[in-house]
Amino acid sequence: MEKEPHKDKRLVWRGLILVIMALVLAAVLISFQKYFHRSNSSEADANQVVDKYANALSIAMQFFDVQKSGKLVNNKIAWRGDSALGDGSEVNLDLSRGMYDAGDHVKFGFPMAFTATVLSWAILEYGNHMNMVNELDNAHESLKWITDFLINAHPSENVLYIQVGDPELDHTCWERPEAMTGKRPLTQVNASYPGTDVAAESAAAMAAASLVFKSIDSAYSGTLLKHAKQLFKFADSYRGSYSISIPGVQDFYNSTGFVDELLWGAAWLYHATGEKSYLTYVSTNGNAFANWGNPSWFSWENKLAGAQVLLSRVNFFSSKEDISTEESLSLQSYRQTAEIFLCGLLPESPMATSQRTAGIVMK
Ligand SMILES: *[C@@H]1O[C@H](CO)[C@@H](O)[C@H](O)[C@H]1NC(C)=O
Ligand SMILES: *[C@@H]1O[C@H](CO)[C@@H](O)[C@H](O)[C@H]1NC(C)=O
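The sections below set out a description of the structure shown in this document. The structure displayed is predicted, hence computed values, not measured ones. Within every chain, residues take consecutive numbers counted from 1 along the sequence as written. Starting at A for chains and at 1 for ligands, labels are handed out in the order in which the entities are written. Totals for whole chains, interfaces and linings use every residue, but because this is a predicted model, local features are given only for residues with pLDDT of at least 70 and side-chain atom pairs only at 80 or more, for both listing and counting. Only hydrogens and water are set aside; all other atoms, that is, all heavy atoms of the structure, feed into the side-chain values.

1. Quick notes on the site of ligand 2
Distances are taken per atom, and a residue is near a molecule or strand as soon as one of its heavy atoms is within 4 Å of it. Taken together, Gln250, Asn254 and Thr256 make up the full set of residues near ligand 2. Polar contacts, as used here, are pairs of N or O atoms within 3.5 Å; protein pairs need one atom able to donate a hydrogen and one able to accept it. Residues neighboring in sequence count only if both atoms are side-chain atoms. Taking Gln250, its side chain carries an N or O atom lying 2.8 Å from a nitrogen atom of ligand 2. Within the side chain of Asn254, an N or O atom sits 2.4 Å from an oxygen atom of ligand 2. To be clear on the numbers: accessible area is Shrake-Rupley with a 1.4 Å probe, and residue cover counts the displayed protein chains and nothing else. Starting from 360 Å² of accessible surface for ligand 2 in isolation, the protein chains cover 44%.

Next comes the structure, spelled out in structure tokens:
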């Protein structure tokens, strides 16, 4: 089948919506935080601004409700109903949950897992603010909708289902998910066809979510952590990009490398478990893998900047006794690169990048 180039481009943008929403959510929350801590404006002004951000957050969060696949629970969207109830049934797995990517009905594991990781991070950093405007339970529910899928998508140590649906077929037809009748083929990575990127990202998502659910449901949190550890081991032991193992994914969510996911996954596992082996992993592999990297953006495809910021936390907050000199040096390198990255993003920094859109600069 011949491809129209415009169509591909449009699909890529449609496809990125889920991930973009997770990042919008984080941005809204960061702005929120700024206004909560503002002292020099009048209280009425501040309240009005808080209301606007609360409303923006609520609308952003609604997106996750709209994207839900499976048998809906507490559905708040009048025009959504149950769909894809049979996903996974041919291999006796319940893969009905998870979220559709965008206007399509494919469940793409790579960006979906990244969405869960970033949503977890947003909850961990700003959950108290979400709670103040009554959005925290909703955030937990949306996160669990994805992690329930990830748990079931990982039926044995070295098998992970990374996609439900056929994007080529799906994208030829606009329809309601409630009414779809097409085949819903499953795609997996395994020891012979590895997917280090997608498996390590799924490990990161489950490790991060295990921290979110730790105080709410410790059994569920423990299950997530068990899967996260196994998936990280699978990702690291059978190294290869899922884009090479399954070339069909290249037209949708191509992965250009997996070292960032390995460092990001290990960084989340270190935070979730406190186990020294993960710190040793990032410290011994940081330089070799990424030369500390020099990322200029943070995205579903490149998580290096995220790993660097996460590991800077350890550099700031960890008690010094349990960190070796070598590890401490490597953490400093992560921190330095994180600082360079952030200085590029902050508009008023002397090192601010000039490559930005002419939008509103928030003061
Ligand atoms: C391993 O994954 C590949 C790629 O998805 C698939 O073609 C193959 O059937 C899988 N192996 C098994 C034993 O299912
Ligand atoms: C996907 O990424 C690989 C590795 O960087 C690259 O070789 C390939 O050309 C990319 N594919 C597409 C369709 O962009």
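2. Here we look at the site of ligand 1
Close contacts around ligand 1 come from Gln188, Asn190, Tyr193 and Ile246, and that covers them all. The separation between an oxygen atom of ligand 1 and a polar main-chain atom of Gln188 is 2.6 Å. In this structure, an oxygen atom belonging to ligand 1 sits 2.3 Å away from a side-chain N or O atom of Asn190. Coverage of ligand 1 by the protein amounts to 46% of the 360 Å² it exposes when considered alone.

3. Some thoughts on the pairing of strand β2 (residues 160–164)
Each residue's exposure class comes from its accessible area (1.4 Å probe, protein chains only) as a fraction of the maximum for that residue type: buried when under 20%, exposed when over 50%, partly exposed otherwise. For helices the rule is a DSSP run of H or I covering at least 4 residues; for strands it is a run of E covering at least 2, with both sets numbered from the N terminus onward. The buried fraction of β2 amounts to five of the five residues, a majority that puts the element mostly inside the structure. One ladder, built from four bridges, connects β2 with strand β3 (residues 186–189); its direction is antiparallel. Across the sheet, residue Val164 finds its bridge partner in β3, namely Leu186. In short, DSSP must find at least two bridges between two strands for them to pair.

4. Observations concerning the pattern of salt bridges
The working definition used for a salt bridge is a side-chain nitrogen of Lys or Arg within 4 Å of a carboxyl oxygen of Asp or Glu. What the rule picks out here adds up to 18 salt bridges. Taking the shortest distance from any N to any O, the salt bridge between Asp65 and Lys76 comes out at 4.0 Å. With Asp65 in helix α3 (residues 43–66) and Lys76 in the loop between α3 and β1 (107–108), this pair connects stretches of sequence that are 11 residues apart. The class of Asp65 is buried, set by a relative accessible area of 5%. The class of Lys76 is partly exposed, set by a relative accessible area of 48%. One salt bridge connects Lys303 with Glu201, and the closest N-O pair in it is separated by 2.9 Å. One end of the pair, Lys303, is in the loop between α12 (276–290) and α13 (304–317); the other, Glu201, is in helix α7 (residues 196–213), and 102 residues separate them in sequence. Its relative accessible area of 0% is what places Lys303 among the buried residues. Residue classification places Glu201 among the buried positions, given a relative accessible area of 0%. Connected through salt bridges with shared partners, the residues Asp65, Lys68, Lys76 and Glu141 form a single ionic network.

5. Quick notes on the sheet that holds β1
Strands sit in the order β1-β2-β3 across an open sheet of three strands; the sheet is antiparallel. A strand with exactly one partner marks an edge of an open sheet, and here the two such strands are β1 and β3. Sheet analysis places β1 next to β2, joined by two bridges and oriented antiparallel. Across the sheet, the residue bridging to Lys107 is Val164, located in β2.

6. Topic: the packing of aromatic side chains
Aromatic contacts are taken between Phe, Tyr and Trp rings whose centres are within 6.5 Å, Trp giving its six-membered ring; a plane angle under 30 degrees counts as stacked, one over 60 as edge-to-face, and the others as tilted. For the coordinates displayed, the defined rule picks out 17 aromatic pairs. Pairing Trp121 with Phe298 gives two aromatic rings, centres 6.3 Å apart and planes at 85 degrees, and the pair type is edge-to-face. Of this pair, Trp121 sits in helix α4 (residues 109–132) while Phe298 sits in the loop between α12 and α13; the two residues are 177 residues apart in sequence, bridging distant segments of the chain. Phe298 gets classed as partly exposed once you look at its relative accessible area, which sits at 21%. By the ring-pair criterion, three or more aromatic residues cluster together here, those being Phe108, Phe110, Tyr242, Phe252, Tyr253 and Trp300. Each ring is checked for a lysine NZ or an arginine CZ that lies within 6 Å of its centre and within 35 degrees of its normal; such an atom marks a charge sitting over the ring. Arg97 extends its terminal NZ or CZ atom over the ring of Trp145, reaching a point 3.9 Å from the ring centre.

7. Details of the environment of Trp145
Following the sequence through the fold, Trp145 ends up in helix α5 (residues 136–152). The sequence separation of Trp145 and Asp65 amounts to 80 residues, and the corresponding C-alpha distance is 9.5 Å. Leave out the neighbours within four places in its chain, and Trp145 touches Lys68, Ser69, Lys71, Leu72, Val73, Arg97, Gly98 and Met99. Here Ser69 takes part through its backbone oxygen, which lies 2.8 Å from a polar atom of the side chain of Trp145. The contact rule is simple, with two residues in contact once any of their heavy atoms fall within 4.5 Å.

8. Points about the environment of Ala208
Tracing the sequence through the fold places Ala208 in helix α7. When the C-alpha atoms of Ala208 and Gly265 are compared, they prove to be 9.1 Å apart, with 57 residues separating the residues in sequence. Among all residues touching Ala208, those that are not within four sequence positions of it are Thr117, Ser120, Leu124 and Trp268.

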